[in-house]
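Structural description and commentary
The primary structure of each chain is shown beneath.
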Amino acid sequence: MKKKTMILLTVSALTFGMTACGADSSEDTADTANTTETVQETVQESSAEKAESAREENTESSNILIAYFSVPEDIDTEGIDADAGASIVVKEGEVMGNLEYMSQVIQQTIGGDLFRIETVQEYPLDHDPLVDQAAQEQDENARPQLLETVENIDQYDTILLGYPNWWGDMPMPLYTFLEEYDFSGKTIIPFTAHGGSGFSNTVATIQELQPNAQVSDNGLSISRNEVANAEDEIRSWAEELGL
Ligand SMILES: Cc1cc2nc3c(=O)[nH]c(=O)nc-3n(C[C@H](O)[C@H](O)[C@H](O)COP(=O)(O)O)c2cc1C
């Protein structure tokens, strides 16, 4: 309850763009609803395809794992390029979640294997149901079941872990992920995108969940309004990790 109260304060400061990508207006017609469904299906399909091709590009020998969670919200992307300022990045017509984009830039910069943390039950892509479900999962301290496991986890010395700030915390699938593996002796380097809260207390939480890992305090935190234009910043940060 205390946690929720604190988060409410944060969130009221953050009524940020959340409403900007909110639910449909009451004037929407059935046609608009159909279009929205089609766009949602397209985003889901393209996310799955991209995750699949990223997996195919993975090398067998890397000791760097880039594991990330990302839910690109379903907003109208017509006419948007590079500065969506919401949950998504649009580059050359490709729609990505913020963490998905950050993860790709990191991999292009330093290599490593990409792993998308996905749940068996897909999250809604519309803003209001998404925030409601996320809040409910936090209240229930849920551990959503993950779709896939990382093969050969032992081969990785460094795990770059990317997640959005959800209600001042990690999305609950990150708890499932961090409880599923033993990262003793490995280094975890967090990176996040957010609407104003930065990492909140998540770095300390990761350390609690993985007490025998070294959790870096040199993580990367970028406002969702900046992600689309942050390629240079992401590249510099990744290079300076010296991996
Ligand atoms: C369910 C939900 C809760 C959120 N809560 C917060 C929050 O408490 N603080 C904050 O700064 N941003 C919050 N945000 C904004 C996200 O952190 C931000 O949009 C992020 O870039 C999403 O990344 P993604 O597109 O890769 O999923 C929230 C977004 C969602 C969907």
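Placed above this text is the structure.
Described below are features of the structure shown in this document. (Residues numbered from 1 in each chain as written. Predicted model: local features only at pLDDT ≥ 70, side-chain atom pairs only at ≥ 80, totals over all residues.)

The next point concerns helix α8 (residues 231-240). For α8, the complete set of buried residues consists of Ile 234, Trp 237 and Ala 238. Around the axis of α8, the buried residues are gathered within 95° of arc, so they sit on the same side. Looking at α8, the residues exposed on the side facing more than 90 degrees away from the buried face are Asp 232, Ser 236, Glu 239 and Glu 240. On its buried face, α8 sits against α4 (98-110) and β8 (220-223). Phi turns positive, to about 65°, at Gly 242, one or two residues after α8. (Buried ≥ 20, exposed ≤ 12 C-beta atoms within 10 Å, placed from the backbone. Helix = DSSP H or I, 4+ residues; strand = E, 2+ residues; numbered from the N terminus. Arc of directions from axis to C-beta. Contact = placed C-beta atoms within 7 Å.)

If you trace the backbone, Tyr 181 turns up in the loop between α6 (172-180) and β6 (187-194). For Tyr 181, a count of 18 C-beta atoms within 10 Å translates into the label partly exposed. A C-alpha to C-alpha distance of 8.8 Å links Tyr 181 and Gln 210, two positions 29 residues apart in sequence.

Glancing now at the site of the ligand. Lining the immediate environment of the ligand, one finds 26 residues, of which Ser 70, Gly 97, Pro 164, Gly 195 and Ser 197 sit closest. Those elements that place two or more of their residues in the shell around the ligand are α1 (2-13), α4, α5 (127-139) and β6. A breakdown of the residues in the shell around the ligand according to their chemical character gives 13 nonpolar, 11 polar and 2 charged. (Near = placed C-beta within 6 Å. Nonpolar A, V, L, I, M, F, W, Y, C, P; charged D, E, K, R; others polar.)

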